[in-house]
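# Architecture at a glance
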Amino acid sequence: MAEKTYETPLCDELEKGPYPSFVTEIKKAAKKTSYAKGVLGLLELSYKEKIGHWKHGGIVGVMGYGGGVIGRYSDCPEKFPEVEHFHTMRINQPAGWFYTSEALRDLCDIWDEHGSGILNMHGSTGDIVFLGTKTAELEPTFADLVAKGWDLGGSGSDVRTPSCCCGMARCEWACYDTMQLCYDLTMHYQDELHRPAFPYKFKFKMAGCPNDCVASIARADLSIIGTWKDDIQMDEGAIAEYAKTLDIAADVISNCPTSCMEWDGKTLKIDNSNCSRCMHCINVMPKALKPGKERGAALLMGAKAPIVQGAQLSSMFVPFLEMKPPYEDLKDFIDAVFDVWGEEGKNRERVGEFIQRVGMGNFLEVIGLEPIPEMIAYPRDNPYIFFEADEEEEEE
Amino acid sequence: MAEKTYETPLCDELEKGPYPSFVTEIKKAAKKTSYAKGVLGLLELSYKEKIGHWKHGGIVGVMGYGGGVIGRYSDCPEKFPEVEHFHTMRINQPAGWFYTSEALRDLCDIWDEHGSGILNMHGSTGDIVFLGTKTAELEPTFADLVAKGWDLGGSGSDVRTPSCCCGMARCEWACYDTMQLCYDLTMHYQDELHRPAFPYKFKFKMAGCPNDCVASIARADLSIIGTWKDDIQMDEGAIAEYAKTLDIAADVISNCPTSCMEWDGKTLKIDNSNCSRCMHCINVMPKALKPGKERGAALLMGAKAPIVQGAQLSSMFVPFLEMKPPYEDLKDFIDAVFDVWGEEGKNRERVGEFIQRVGMGNFLEVIGLEPIPEMIAYPRDNPYIFFEADEEEEEE
Amino acid sequence: MAEKTPTDIGPPHYEKFLPPVIKKNYGKWAYHEIPRPGVLKHTAEGGDVLWSVRMSTARLIATETVRWIADLAEKYCDGHVRWTSRNNVEFLTTEEKNVDPLIKDIQAGGYLVGGTGNSISNIVHTQGWVHCHSPATDASAIVKAVLDELADEFTSMKLPAKMRIALACCLNMCGAVHCSDIAILGIHRRVPEINHSDLPKVCEVPNLAASCPTAAIRPVKVDGKNSVEVLAESCMFCGNCYTVCPAMTLNDPEMDGVCIWVGGKVSNARSEPAFSKLAIPYLPNNPPRWPEVVEAVKNIVEVWKKDARKYERVGEWINRIGWPRFFEKTGIEFTKYHIDDFRYAGLSFKRTAQQRF
Amino acid sequence: MAEKTPTDIGPPHYEKFLPPVIKKNYGKWAYHEIPRPGVLKHTAEGGDVLWSVRMSTARLIATETVRWIADLAEKYCDGHVRWTSRNNVEFLTTEEKNVDPLIKDIQAGGYLVGGTGNSISNIVHTQGWVHCHSPATDASAIVKAVLDELADEFTSMKLPAKMRIALACCLNMCGAVHCSDIAILGIHRRVPEINHSDLPKVCEVPNLAASCPTAAIRPVKVDGKNSVEVLAESCMFCGNCYTVCPAMTLNDPEMDGVCIWVGGKVSNARSEPAFSKLAIPYLPNNPPRWPEVVEAVKNIVEVWKKDARKYERVGEWINRIGWPRFFEKTGIEFTKYHIDDFRYAGLSFKRTAQQRF
Ligand code: SRM
Ligand code: SRM
Ligand code: SRM
Ligand code: SRM
Ligand code: SF4
Ligand code: SF4
Ligand code: SF4
Ligand code: SF4
Ligand code: SF4
Ligand code: SF4
Ligand code: SF4
Ligand code: SF4
């Protein structure tokens, strides 16, 4: 490939220090690909000028898909011809981000052949991100990926690549099988994932318990968070063991948000009817306490970044749902949401914004869910109630 | 006066039961005045028809004043000619609502002569409300009031009648002299009180301590709430006394919102640097604990009822101000607020709404107050910062 | 009347009305006790004692009653008496021996003694059908009916904490209704009826259109004259248009009624001041004694009384047990109207996976 | 390439990639321990044990490094490895004896082992100047500089609680930046520069005007062509107009920079999930190592580390001590920019007389 190597004194500063350096990574790739050389040069220019050097967007992709590729062009191709095109491809990661060495090598082989040899492991949504190639390489890369069993992830106004915590694979607290559900929904919504037809993006994230190790409540339109209904499982022997080294009163009891625990130095009592399933006590004493046995998940909806009306966290819609394949209740719920938001959402309106615009009460009515107090932090404090005409009639 | 007495079976129902009955009061007045007979008849009609029978507003008043009288006309004068006019007069109460029997009789004499003989003791803002008379009686009533040393209160877009808790007159916790300040401000702002020239109403309320016995934080544009800076005064002997009958741990310590108290069964310790001056411990042990000696008041601003953009509570502007006559700092503050809000407030925009519209930061700048973190519950959580051009220049 | 009355004299100076014991001990009170319901005993640093006896009134009061109060004040208190910020009367005496006879006289007059400490004090309220033009319900009648039912809680101090009830007859909310333990609020429920022939005469269309917080009002021509129309689905019956323009009436015998709010507070004691939240969206106007409203308030008081810890105001109690439990324990139905859809809507959604089962 | 590539095959099934010990104990893990920083030991109900060794990466990674990871996985883990939700690598082995040599190899390769328990894990971040079109700052360089300074907190577990730092290079906030213990956010500070000649070609004026949350964009004619103007005082530099229309650029070498946010969290443990709040409105872009930003983050970490109680996340700590103390202890200047003036402004004002002195 291209010969040119750029002077990068500013970038080089970023090779110093104990933490792994992305500059070092780019340089490794630059031994093989001109893309990597080019991007390093361009980055040096950015550090010098304190400004980015990529142009706005650019619509490129692979046949049959509307998403999965982010087009990118340099604004100074004359200086860095290697990265005149520098598109990324989003490859749908395996649920839970488990790999074999073989699978990793397949991916590397493909990317060394067709692109920059630089990846993001992983993108913020969860995809494997192939970082930088030119338009002509998109289809060949895709063909090679598919040949090895990989597919693209989402981008644009579609279902985005779902992601999940490792759940039952490596965690004792998983209240449902996050990886199975992640895979199931990814496959079930392949069409919605690859062919943007929504008002805006829609993200799924699954966490096995309220610790929420995929930050689903902060950044998924639908956050599926494991929880349990019955009593926390206790192992009295293990509690006694912990008591030897742990200050249970200070570290556990006094941090319980609902003050529903009692500890007299010997026996631990939990008023499970007041436990808010926050996980703290379980987190601190994993050998002694466990979520209950009646397990499932809560469905929360609507998280998003601030643009335009301010950030949102997902909020409670279904406090508890059993999570068993084929997940029919869940899919019914999702389809009901897609129907109304897909139909009535405005362009670039996330589902959380849509719900606020039409009013949660009305939204619930349309998707056929009963309003329950579990959905709110507190009832309205303003008296501006949109009473409905027909209801009023009924009451007479 | 008029002879007619109306049948009032529905009203009569409201004379039953242990609590004092307003119907009984109206009937007492009806022995003397036809207004009272009329209003009882009209009320009976309202109970029958489930609807009010008063027309919208009506501008009446006394010479030289723009406020103090609320005009009211019946919508069925043919049925109840006695209350064709039924205006109320708001008489500025004495600070703290203290009276002598003589003063009360003066008021009664005037009202029996000129009006319905029915009063509100007191109106929600604090005035003595003379409830119902006709236009022709307004000036004579006013003249008689003035002759006895009374004046009207506010109404319309003016300073409303200030009110205060009894404070130092009858309460051990008053951190400043609420009644004196109430009187002082009332006199100082007589012109603003009687001649509406503001965008909307402006209410002052003074409470001597954070218990806020005049609900100032909920319903005053300027809430002046007593507080102290130094340590809570403790009487160890009295604490020991309380310990005999009171569960100090449960009733005091565990209710302290900042957990800044310690009680080992013998000694009470308060980490005063973390005490939030909530008053709870003092309330429960008034013989043992008292506010500190360095006393003054906090200025909070902006409370109002919900119309139009939702209710507001007053919020912190000045955490601590010494409250000594002639209250110059306070008046400077108030005048600065009147200046900017009076000038730039929209019609029917309360000061709290105004602040939200222009932005608290900008408002502070105009009234010349430093922004401090004591003013906020938490800093902004959205990244939409209106950086200013000149400041940016400075930073370069 | 020909002569001009002097203006701006302001109210009488309060000092004229203070009893000597207060003048002497002004700012020097040491502590207080509540020896029995309705009776406060304040002791000054120097040892002087002031007894205050608190008496109920209907707020709306006849001069005859005020004269009677003046008589009692003279009989027992050297003529000194005051009103409280919640419309109760306080008789002020230095003589303990006066307390009992005074109370007897008060009770004989048909009034109650109480309202102190952990009790229900008087219900702060507004004008209602007695005087105002925009009420969606009456004020005094409901207050009387509710307090008749709860009079025992006025005359005793058996509640977990203070209970402050307030009533306002329309959304203007005269009074601190929005920060009450229990608030009773008159509410309209139908779109303003427009009097197209009066409208152009009594109001300005642009002002009127601007007055609507939901932009439900649009200028239109009716029979060639300037008027407005209201988009029914955008109206939430706030009545602001009526305040601005008499030709827009909301009052309606069948549609008007009352909603109930809970959990507000004003004091800074323990928890911060808080707004009341919607408990019951609608109860009908049922004069003269509004049995549904009385029942609803009583139910909330009773459930709270039974379940709350000492010093726990209604809102503090609900914060501890959670709103789902509040609805469960009171048996109040939760509806879509409870879910905020106004300006700050999203913030009241439950944005956590923390929940109780 | 002539042939059509099959579509919609989806990702590989995860089961293909699971180590046998996980397949066997799937859903049957009993508990875990963290025997040392960067090492998790999970024990299954039946007694099987899984060791996970967590390694740092820069997220942006060369295939060469991925191949090296694959090598290590084969050497110690029968080829099994995973990535975490914060871009760390986890090597998975059943053999305790592999742990030490594996760690040595990792360290020899220039990578760190850590990120578990009460540590600072990797900084979640975005593309920055490496790839995106709208960044107000770079991502990878700042992350590298900050983590160099805080590397000790990655490789040890001496903090009061977990510390999650995140960076986003513009207000689109790719990542959970808005709910981080500390968030570093790229921010523009000047009004969009309008390319009037391109504008009519590349965007639709009505869409563009509608995109502005503060209605700062108005349609105008420039040289007879459709374009827009921006009301400078209404613009808060969100960049939404640029997303919609490439002819509106905000990037600016001198005006762009970084703001710092604190106190957010995602987990439901103890306290509910919470947004991060503004700590420092602006720090300049100072490549390649952004010393002001590094210093600012380090300062917050250190003050928190010293002052917080065990298990207290940054936001929980601030809630206990109050915001005034946060500003006092960190020495960060409080400005008018800290006071919210957007949609929910009033709610963040201090609506209580409760305060500390
Ligand atoms: C690549 C990635 C950042 C990264 O470095 O990891 C990314 C990159 C971009 N995001 Fe993002 N977003 C990425 C995850 C996110 C996330 C986090 C998540 O998904 O968990 C968020 C916050 C959560 C959310 O969805 O709200 C996020 C919120 C946005 C937004 C704001 C959306 C909103 O409703 O507020 C935009 C703006 C837009 O959509 O126009 C955006 C837009 C963009 C665009 C496409 C720029 C644009 O304006 O068109 C960026 C392309 C950058 C480039 O050139 O590579 N990106 N974006 C992430 C996707 C990788 C992957 O597929 O794994
Ligand atoms: C008489 C009184 C109620 C009572 O029965 O005590 C009252 C009566 C009226 N109020 Fe009020 N307000 C009264 C205290 C209040 C309070 C409480 C307070 O001052 O502490 C409030 C809530 C606090 C506040 O100011 O926000 C209050 C908030 C309103 C509002 C809503 C203002 C707002 O900004 O949201 C209106 C509507 C308006 O001003 O147009 C209003 C309007 C009215 C009007 C003038 C009706 C109108 O739309 O023009 C009422 C006349 C009733 C009548 O015919 O007698 N009244 N009003 C109170 C005054 C008596 C007095 O002077 O002592
Ligand atoms: C007389 C009065 C002031 C006045 O100038 O008129 C007054 C007088 C006292 N208040 Fe009050 N408060 C008075 C209205 C209020 C109000 C305002 C209101 O109700 O609209 C509040 C705020 C209520 C709220 O939060 O919604 C109020 C919140 C308190 C508190 C805090 C209660 C709490 O725990 O939240 C105390 C402390 C206590 O009672 O221990 C208090 C304590 C007191 C003390 C003990 C102060 C003292 O040492 O003298 C007085 C006797 C209280 C009692 O009745 O048990 N006072 N007090 C008011 C009597 C109203 C009535 O007739 O019922
Ligand atoms: C591997 C990973 C899940 C995955 O599928 O990738 C994971 C794994 C574990 N998490 Fe997590 N968490 C992981 C991301 C998260 C996230 C998401 C994030 O950081 O973006 C959160 C939410 C953070 C937040 O609130 O902002 C998260 C909040 C927790 C918590 C609650 C901490 C708290 O007190 O707030 C626990 C409980 C604990 O550590 O005691 C927890 C506990 C655990 C346990 C102990 C669960 C278990 O029994 O196996 C795992 C080891 C934790 C450790 O590192 O000390 N995990 N955990 C993620 C590792 C990320 C990394 O490389 O650093
Ligand atoms: S979210 Fe819960 S189940 Fe999933 S990895 Fe974290 S702690 Fe385990
Ligand atoms: S899970 Fe949380 S709320 Fe429940 S008992 Fe444990 S610490 Fe308390
Ligand atoms: S506000 Fe404070 S000073 Fe005033 S009466 Fe109430 S308790 Fe006493
Ligand atoms: S006043 Fe309140 S915050 Fe201060 S010590 Fe007493 S109970 Fe605690
Ligand atoms: S609350 Fe409404 S109806 Fe009642 S007095 Fe006030 S303005 Fe009139
Ligand atoms: S009642 Fe309120 S919402 Fe309805 S039209 Fe009038 S102002 Fe608008
Ligand atoms: S945060 Fe902004 S600049 Fe950074 S990758 Fe996302 S869209 Fe691009
Ligand atoms: S940057 Fe944001 S606020 Fe400024 S003009 Fe563009 S869209 Fe409007």
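It should be emphasised that the depicted structure is a prediction, and the values quoted were computed from it without experimental measurement.

### Thoughts on the site of ligand 1
The environment of ligand 1 is formed by 28 residues, the closest being R72, D127 and K203 of chain A together with H131 and C174 of chain D. Looking at what sits near ligand 1, you find residues from chains A and D. Residue R72 of chain A places a side-chain N or O atom 2.5 Å away from an oxygen atom belonging to ligand 1. A distance of 3.3 Å separates an oxygen atom of ligand 1 from a polar side-chain atom of K304 of chain A.

### Notes on the interface of chain D and chain A
Every contact between the two is made by 115 residues of chain D and, on the other side, 121 residues of chain A. Summing the contributions of chain D and of chain A, the shared interface buries around 10,200 Å²; its carbon and sulfur component is 61%. Inspection of the region where chain D meets chain A yields 10 salt bridges. For R195 of chain A, the salt bridge goes to D8 of chain D, with nearest N and O atoms at 2.9 Å. At the boundary of chain D and chain A, one finds 66 residue pairs in polar contact (both at pLDDT 80 or more). Ranked by the residues each element gives to the side of chain D that touches chain A, the list is headed by helix 2 (residues 63-77) of chain D, at nine residues.

### Here we look at the coordination of the iron atom of ligand 1
Of the protein atoms, C174 of chain D (SG) alone serves as a donor to the iron atom of ligand 1, at 2.3 Å. Counting through the fold element by element, C174 of chain D comes out in the loop between strand 7 (165-168) and strand 8 (182-187).

### Re the interface of chain A and chain C
Chain A puts 53 residues into the contact, and the matching count from chain C is 47 residues. Counting each side, the surface lost to burial between chain A and chain C is near 4,800 Å², with a carbon and sulfur contribution of 63%. The largest per-residue losses of area from chain A upon contact with chain C belong to R380, F386 and F387 of chain A, which jointly make up 16% of the total buried on that side. Joining chain A to chain C, the criterion identifies four salt bridges. Two residues, E388 of chain A and K336 of chain C, come together in a salt bridge whose shortest N-O distance is 2.4 Å. One can count 19 residue pairs in polar contact (both at pLDDT 80 or more) joining chain A with chain C. Sorting the residues of the side of chain A that touches chain C by element identifies strand 8 (222-228), strand 13 (295-301), strand 14 (315-321), helix 13 (351-358), helix 14 (360-367) and helix 15 (389-395) of chain A as the ones contributing at least two each. The greatest single-element share of the side of chain A that touches chain C, amounting to five residues, is contributed by helix 14 of chain A.

### Regarding helix 14 (residues 360-367) of chain B
All names here are of chain B. Inspection of helix 14 places M360, G361, F363, L364 and I367 among the buried residues, and these make up the whole buried set. Within helix 14, the buried residues cover an arc of 165° as seen down the axis, which keeps them to one side. Check the buried side of helix 14 and you find it contacts strand 13 (295-301), strand 14 (315-321), helix 12 (328-344) and helix 13 (351-358). Once helix 14 ends, the next one or two residues include G368, with phi positive near 75°.

### Description of the site of ligand 11
The environment of ligand 11 is made up of T126, Q127, C132, S134, P135, C169, C170, N172, M173 and C174 of chain D. When the residues that make up the shell around ligand 11 are grouped by side-chain class, the tally is six nonpolar, four polar and no charged.

### Notes on the nonpolar core
Buried together is how nonpolar side chains tend to be arranged in soluble globular proteins. Of all hydrophobic cores here, the largest spans 184 residues; its most connected members are F22 of chain A, I224 and L330 of chain B together with F91 of chain C. Beyond its immediate chain neighbours, meaning those up to four positions away, L330 of chain B contacts L181, L185, L222, I224, L299, L321 and M323 of chain B. By size, the runner-up hydrophobic cluster in this structure holds 182 residues, among which are V214 of chain A, F80 of chain B, W323 of chain C together with W83 of chain D.

### As for helix 2 of chain D
Residues and elements named next belong to chain D. End to end, helix 2 covers 20 Å across 15 residues, agreeing with the expected 21 Å (1.5 Å per residue, within 8%). Within helix 2, burial applies to T63, T65, V66, I69, A70, L72, A73, Y76 and C77. Looking at the residues trailing helix 2, positive phi occurs at D78, about 50°.

### Some words on unusual backbone geometry
What is expected of a backbone is that most residues other than glycine have negative phi and most peptide bonds are trans. The residue after I307 of chain A, namely V308 of chain A, is reached through a cis peptide bond having omega 10°. Within the secondary structure layout, V308 of chain A lies in the loop between strand 13 and strand 14. For the bond from P325 of chain A to P326 of chain A, the omega torsion is 0°, close enough to zero to count as cis. Turning to its location among the elements, P326 of chain A is positioned in the loop between strand 14 and helix 12 (328-344). Here R277 of chain B, not a glycine, exhibits a phi torsion of approximately 55°, which is positive. By secondary structure assignment, the location of R277 of chain B is in the loop between strand 11 (268-270) and helix 11 (280-284). Phi at R270 of chain C is positive, roughly 60°, even though this residue is not glycine. Following the sequence through the fold, R270 of chain C ends up in the loop between strand 13 (257-262) and strand 14 (277-284).

### Quick notes on the pairing of strand 5 (residues 80-83) of chain C
Burial along strand 5 of chain C is two-sided: the face carrying H80 and R82 of chain C and the face carrying V81 and W83 of chain C are both buried. As paired elements, strand 3 (residues 98-100) of chain B and strand 5 of chain C share three bridges and run antiparallel to each other. Considered in strand 5 of chain C, the bridge of Y99 of chain B is made with V81 of chain C. Sheet topology places strand 5 of chain C next to strand 6 (residues 89-93) of chain C; three bridges connect them, and they run antiparallel. Pairing of V81 of chain C across the sheet is with F91 of chain C, part of strand 6 of chain C.

### Concerning the sheet that holds strand 13 of chain B
Residues and elements named next belong to chain B. Overall, mixed pairing links the five strands, which are arranged 6-7-8-13-14 in an open sheet. Whereas interior strands pair on both sides, the edge strands pair on one side only; in this sheet they are strand 6 (163-164) and strand 14. Pairing geometry for strand 7 (residues 204-207) and strand 8 (residues 222-228), over four bridges, is parallel. Looking at strand 8, one finds that A207 is bridged to I225.

Criteria and thresholds
- Residues numbered from 1 in each chain as written.
- Chains lettered and ligands numbered in written order.
- Predicted model: local features only at pLDDT ≥ 70, side-chain atom pairs only at ≥ 80, totals over all residues.
- Heavy atoms only, no water.
- Near = heavy atom within 4 Å.
- Polar contact = N/O pair within 3.5 Å; in protein donor to acceptor, adjacent residues only side chain to side chain.
- Contact = heavy atoms within 4.5 Å.
- Buried area = accessible area lost by both parts, 1.4 Å probe.
- Salt bridge = Lys/Arg side-chain N within 4 Å of Asp/Glu carboxyl O.
- Helix = DSSP H or I, 4+ residues; strand = E, 2+ residues; numbered from the N terminus.
- Donors = N, O, S within 2.8 Å, 3.2 Å for Na, K, Ca; no water.
- Buried < 20%, exposed > 50% of the residue type's maximum accessible area, 1.4 Å probe, protein only.
- Arc of directions from axis to C-beta.
- Nonpolar A, V, L, I, M, F, W, Y, C, P; charged D, E, K, R; others polar.
- Core = buried A, V, L, I, M, F, W, Y, C linked by side-chain atoms within 4.5 Å.
- Expected span 1.5 Å × (residues − 1).
- Pairing = 2+ DSSP bridges.

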